[in-house]
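Spelled out, the chains give:
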Amino acid sequence: MTVTNRGTAQITAWCQELFDDLDFTVARKWKAAAPGRGVVAYMPVYVPRELIHAAGMLPLGILGGGENLEVIHGDAYYQSYICRIPRSTLELGITGKLDFVDGFLFPSICDVIRNLSGIWKLLFPKVYVRYFDVPQTYVDDTGGSFYVQEMQELREGLEHVTGRKITDEALRDSIAVYNQNRRLIRDLYALRSRAPWLVPTSELYLLLRAGMVLPVEEHSQLVTEYLAAAQAEQRPMRDNCRVVMNGLFCEQPPLNLIKAIEMSGCYVVDDDFMLVTRWLLDDVPVAGDPLQNLSTAFLHRSMETSAKYQPDLAQKGKYLIDSVRENGAEGVIFAAPSFCDPALLERPMLETRLDAVDVPHIGFKYAENSGQMQPVREQAGTFADSIKLWSTP
Amino acid sequence: MTPKTPAAAPSPREVVKELSMVKQKEMIAANYDAITSAPETGRKVASTFVPGNLNELLMCFDLLNNLPEINAIQNGMKKVSGDYINEAEKRGHSEDVCTYVKADLGMMAKGNIAPNGKPLPRPDVLLLSYTGCFTFMKWFELVRDEYKCPTIMLQVPYQADGKITANMRSYIVKQLKDDVIPTLEKVSGVKFDIDRLREYLRESAKAEDDFVWVMQSAKKKPSPIDAYFGGVYYIGPIFTAFRGTRDATEYYRLLRGEIEERIAKGLGPVTPEGDMKSQKYRLVVEGPPNWTSFREFWKMFYDEGAVVVASSYTKVGGTYDFGFRHDPDHPLETLADYCLGVYTNRSLPMRVDLLENYMREYDADGLLINSIKSCNSFSAGQLMIMREIEKRTGKPGAFIETDLVDPRYFSAANVKNRLESYFQMIDQKRKSVASAA
Ligand code: SF4
Ligand code: SF4
């Protein structure tokens with residue numbers, strides 16, 4: 001792996017370029033570079049990207065159209081009381097920005113994404129569309145068997161797209177490649193938690209977004225480079241308060257919202273952006289049956305979020321408290337997309353847990369195209385001030 | 001089949017009209033009484049959802065079946081849901097989320113009073129049949145927070161590709177065997193007897209036959225029923241705590257008899273203002289009704305001579321009109337297939353196919369969508385459904401927006417205007433078809 005001498009500013013600028021490019025030029029070029037290549041898009045929160053990779057295809061994370069996409073057609077498909085991500089995603093599809101995509105996976109996150117899978121089938125009949133169901137029971141014999149078979153069906157679907165078999169060997173290699181990427185992302189999060197002034201969240205965010213469109217090997221290289229650059233740079237440490245952000249796992253906040261939170265005096269030390277990159281908590285074993293290994297990791301060692309059922313009442317919300325403790329956070333900022341049932345129904349349960357252990361929190365809603373950041377900045381600023389005030393000995 | 005009529009009946013028609021209604025009212029009242037008196041009788045109570053409602057299985061454990069959605073509907077119709085929703089919002093629930101959930105949580109916060117005026121007991125078990133709606137999962141996690149009682153997750157995979165696979169079915173059956181049944185045994189103290197389940201399933205199938213007959217009677221002209229406003233009453237027993245009981249079988253036998261008689265007399269549906277006289281428009285309706293202004297909403301239809309001949313809402317607790325019946329010979333598999341087949345567990349293309357089928361089979365003039373503000377499961381994608389149906393059938397569609405139980409989102413004037421212009425559109429369409437012919 002070649003490590004260049006780019007600084008964080010240059011790396012971030014490149015990530016910003018990728019982030020702004022709604023034509024997905026890099027992915028298009030990747031596909032065009034060799035015959036037989038394909039691209040499979042996926043939406044939040046989790047799909048086993050290893051399978052796409054092992055098929056010799058590029059997994060492409062689609063997180064809506066963001067704040068700069070003008071939605072014209074998409075609004076004709078969605079009522080005003082439905083979140084924005086499905087309409088901007090449809091806009092991308094209808095305006096041909098995803099016309100190079102061979103397959104599209106819609107993970108089991110909520111009814112909106114689920115129903116979007118059907119819309120996609122009707123509108124783009126030539127694309128391989130799969131609603132990717134995941135288990136909500138975490139027992140190997142039930143949820144596990146179901147999940148292995150779902151992955152097997154996905155595998156066969158992808159084989160059909162490329163006309164090539166996905167061997168166990170290829171899958172094992174892909175697992176190893178993604179293990180490395182997950183390790184690097186874990187390092188990135190650990191560094192930010194340790195020294196948040198070295199890894200501003202707006203940069204971390206863009207770096208993760210780059211991972212949605214770049215081949216994983218290139219992304220791993222980019223993260224490696226960033227980690228080295230970030231640790232080599234001197235950046236001033238501010239008297240900010242440390243917060244965990246929660247609820248941003250699907251429709252994305254405008255980048256300015258993240259910047260506004262940082263500028264208001266908060267260091268974000270954990271978040272739930274792009275969970276696909278950190279979903280599996282440890283390395284997935286490379287030896288053995290690859291689908292079985294991915295299933296075991298999903299069942300027993302994966303992140304928690306609203307889209308997953310928590311079977312144990314005592315464990316409900318514990319992950320958030322653990323995150324607060326492990327990252328030395330002083331408060332939680334809940335930010336959720338408007339009309340997002342999963343995030344907004346989860347929030348009161350999480351708030352109760354935080355109240356029980358005296359962790360302060362605030363909450364607001366956003367849309368991917370929210371323009372006004374002043375209220376967010378003020379709210380977060382007041383929150384940060386109050387935390388500092390009360391935590392001063 | 002003619003229903004028995006008591007000798008001292010005032011007039012044959014009135015009695016015929018009321019027998020099934022009276023029967024259903026008695027059944028519902030008796031169930032609420034059984035639930036609210038559970039603390040005295042010692043009976044155990046399960047809470048579960050309408051789609052994927054495994055009433056036959058719950059009965060095997062002598063469990064009473066309490067359905068929070070039905071409580072929300074009852075509270076909507078009694079116009080108290082608005083207060084409950086306010087209460088839930090005061091307690092931190094977002095204005096954006098499903099109002100059934102908030103009506104339920106608000107009701108719990110305000111004493112949890114059942115429609116019979118008595119407090120609902122704490123459930124002994126929550127059976128989270130996770131069928132066709134993501135919100136169900138969050139709803140029961142929230143309820144579990146309150147009651148801290150055993151909660152069973154029964155995951156029903158979504159029919160995304162328009163078919164039930166062996167993997168889906170065996171996953172449900174395994175969950176039933178390994179988790180649902182053992183937990184219900186533990187909670188209830190009753191040993192599972194598969195023959196008892198078979199008996200109930202046999203009973204279910206009988207009621208289902210008559211139920212389908214009733215719903216399909218709307219193919220006739222004039223239609224003897226309204227398959228939406230009347231339909232929501234007809235689904236009552238089979239979608240709730242009665243499927244598998246003799247009472248339900250009897251209810252549908254009575255109902256079928258009544259409809260047969262209406263057909264014989266050439267009568268239209270019964271409305272709150274008596275028999276519907278003229279039937280100018282035959283509609284297929286997609287989406288749940290509004291409950292807070294149910295009567296007013298219905299009146300907007302029958303006043304204009306619009307009868308609903310088929311609706312998707314009457315399939316949320318099971319889709320029977322394409323041949324599915326509970327099968328006592330494959331008791332657990334049939335429960336799986338039942339859950340997999342409920343309307344909201346069907347992919348969007350399947351929903352379009354079903355509605356297209358209704359448009360043709362019931363010779364409808366158009367598709368009306370009642371889009372529910374707070375229900376993503378139904379609403380996300382309905383504009384696409386409308387386009388597809390218009391394209392496939394050449395018949396006009398219309399879109400109105402209300403809510404289930406939140407009175408803030410029912411604007412009578414808007415809905416009425418929209419309906420009136422829709423009926424005009426149908427008239428115009430007819431004229432242009434006639435002049436082209
Ligand atoms: S933002 Fe929320 S409601 Fe919208 S698609 Fe994503 S998870 Fe579903
Ligand atoms: S979202 Fe819709 S289907 Fe789900 S519980 Fe609410 S009203 Fe029912």
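Worth saying up front: this structure is predicted, and the values here are computed from it rather than measured.

1. What about the packing of helix 5 (residues 111-123) of chain A against helix 17 (residues 382-393) of chain B?
Orientation of helix 5 of chain A relative to helix 17 of chain B, taken along the N-to-C sense of each, is 30°, at an axis distance of 11 Å. Here the hand of the crossing between helix 5 of chain A and helix 17 of chain B comes out left-handed. Contacts between helix 5 of chain A and helix 17 of chain B pair A:Ile119, A:Leu122 and A:Leu123 from the former with B:Met384, B:Glu388 and B:Arg392 from the latter. Taken together, the residues of the contact of helix 5 of chain A with helix 17 of chain B sort by class into 4 nonpolar, no polar and 2 charged.

2. Observations regarding the site of ligand 1
By nearness alone, every residue bordering ligand 1 is listed as A:Cys83, A:Ile85, A:Ile109, A:Cys110, A:Val112, A:Ile113, A:Cys250, A:Glu251, A:Pro337, A:Phe339, A:Cys340 and A:Pro342. Split into classes, the residues belonging to the shell around ligand 1 amount to 11 nonpolar, no polar and 1 charged.

3. Some details on the confidence of the model for chain B
With 96% of its residues at a pLDDT of at least 70, chain B reaches an overall mean of 94. Note on the complex model: pTM 0.96, ipTM 0.96.

4. Remarks on the packing of aromatic side chains
One pass over the structure, following the stated rule, counts 42 aromatic pairs over all chains. Taken together, a centroid distance of 4.7 Å and an interplanar angle of 85° make the contact between B:Tyr251 and B:Tyr252 edge-to-face. Cluster of aromatic residues (ring-pair linked, three or more members): B:Tyr228, B:Phe229, B:Tyr233, B:Trp291, B:Phe294, B:Phe297, B:Trp298, B:Phe301, B:Tyr302, B:Tyr313 and B:Phe410. Its guanidinium or amino end placed over the ring of A:Phe298, A:Lys308 lies 5.7 Å from that ring's centre, counting from NZ or CZ. A cation sits over an aromatic face here: B:Arg243 above B:Tyr338, 4.4 Å from the ring centre.

5. Considerations on the site of ligand 2
Residue and element names in this part refer to chain B. Close contacts around ligand 2 come from Cys 98, Tyr 100, Cys 133, Thr 135, Phe 136, Trp 139, Cys 375, Ser 377 and Leu 404, and that covers them all. Examining the composition of the shell around ligand 2, we find that 3 residues originate from one element, helix 7 (residues 135-147), more than from any other. Per-class residue counts for the shell around ligand 2 are 7 nonpolar, 2 polar and no charged.

6. Side note on a negative patch on the surface
Where like charges cluster on the molecular surface, the negative patch consists of A:Asp140, A:Asp141, B:Asp178 and B:Asp179. Listing elements by their share of the negative patch, those giving two or more residues are helix 6 (140-162) of chain A together with helix 8 (166-188) of chain B. Here B:Asp179 lies in helix 8. B:Asp179 gets classed as partly exposed once you look at its relative accessible area, which sits at 31%.

7. Considering the sheet that holds strand 4 (residues 151-155) of chain B
Residue and element names in this part refer to chain B. The strand order across the open sheet built from 4 strands is 2-1-3-4, with neighbouring strands paired in parallel fashion. Edge positions in the sheet fall to strand 2 (64-66) and strand 4, since each of these pairs with one other strand and no more. Taken pair by pair, the neighbouring strands of this sheet meet at an average axis angle of 25°, ignoring direction. On the sheet, helix 7 packs against strand 1 (45-48), strand 3 (125-130) and strand 4 and is oriented at approximately 170° with respect to strand 3.

8. Digging into empty space enclosed by the protein
Scanning all chains against the criterion turns up 12 cavities of 30 Å³ or more. Here the largest cavity is characterised by a volume of approximately 130 Å³. In terms of lining residues, the largest cavity is bounded by 17 residues, among which A:Ser108, A:Arg114, A:Tyr131, B:Tyr130 and B:Tyr158 are the most central. Partitioned by chemical class, the residues of the lining of the largest cavity number 9 nonpolar, 5 polar and 3 charged.

9. A few points about the pairing of strand 2 (residues 57-61) of chain A
Residues and elements named next belong to chain A. Taking burial as the measure, the 5 residues of strand 2 include 5 buried ones, the bulk of the element. In the sheet, strand 1 (residues 38-42) pairs with strand 2 via 5 bridges, with the strands oriented parallel. The partner of Val 40 across the bridge, within strand 2, is Pro 59.

10. Things to note about the pattern of salt bridges
One pass over the full model with this rule turns up 64 salt bridges over all chains. Where B:Glu141 meets A:Lys316, a salt bridge forms, and the shortest distance between an N and an O atom there is 2.6 Å. A residue pair is termed interchain when its members come from two chains, as with B:Glu141 in helix 7 and A:Lys316 in the loop between helix 11 (290-300) and helix 12 (318-326). Of the two residues, B:Glu141 and A:Lys316, both sit in the buried class. Across the salt bridge formed by B:Glu250 and B:Arg253, the nearest N and O atoms sit 3.1 Å from each other. Note that B:Glu250 and B:Arg253 are positioned in helix 12 (residues 246-265) at a spacing of 3 residues, about one turn of the helix. Using a relative accessible area of 28% as the deciding quantity, one classes B:Glu250 as partly exposed. Through salt bridges with shared partners, one network takes in B:Asp353, B:Glu356, B:Arg360, B:Glu388, B:Lys391 and B:Arg392.

So, how was this worked out
- Residues numbered from 1 in each chain as written.
- Chains lettered and ligands numbered in written order.
- Predicted model: local features only at pLDDT ≥ 70, side-chain atom pairs only at ≥ 80, totals over all residues.
- Heavy atoms only, no water.
- Axes fitted to C-alpha atoms, helices over the stretch in contact; angles between N-to-C directions.
- Helix = DSSP H or I, 4+ residues; strand = E, 2+ residues; numbered from the N terminus.
- Left-handed = near helix turned anticlockwise from the far one by under 90°.
- Contact = heavy atoms within 4.5 Å.
- Nonpolar A, V, L, I, M, F, W, Y, C, P; charged D, E, K, R; others polar.
- Near = heavy atom within 4 Å.
- pLDDT = per-residue confidence, 0-100.
- Phe/Tyr/Trp six-rings, centres within 6.5 Å; stacked < 30°, edge-to-face > 60°.
- Lys NZ or Arg CZ within 6 Å of the ring centre and 35° of its normal.
- Patch = residues over 30% accessible without salt bridge, like charges linked within 9 Å, V, L, I, M, F, W, Y side chains within 5 Å.
- Areas by Shrake-Rupley, 256 points an atom, 1.4 Å probe, with all protein chains shown as cover.
- Salt bridge = Lys/Arg side-chain N within 4 Å of Asp/Glu carboxyl O.
- Lys, Arg positive; Asp, Glu negative; His and termini not counted.
- Charge placed at Lys NZ, Arg CZ, Asp CG, Glu CD.
- Buried < 20%, exposed > 50% of the residue type's maximum accessible area, 1.4 Å probe, protein only.
- Pairing = 2+ DSSP bridges.
- 1 Å grid on protein atoms, 1.4 Å probe; cavity = no way out; pocket = protein on both sides within 12 Å on 5 of 7 lines; lining within 4 Å.
- Points joined across faces, edges and corners; volume = space filled by probe spheres on them.

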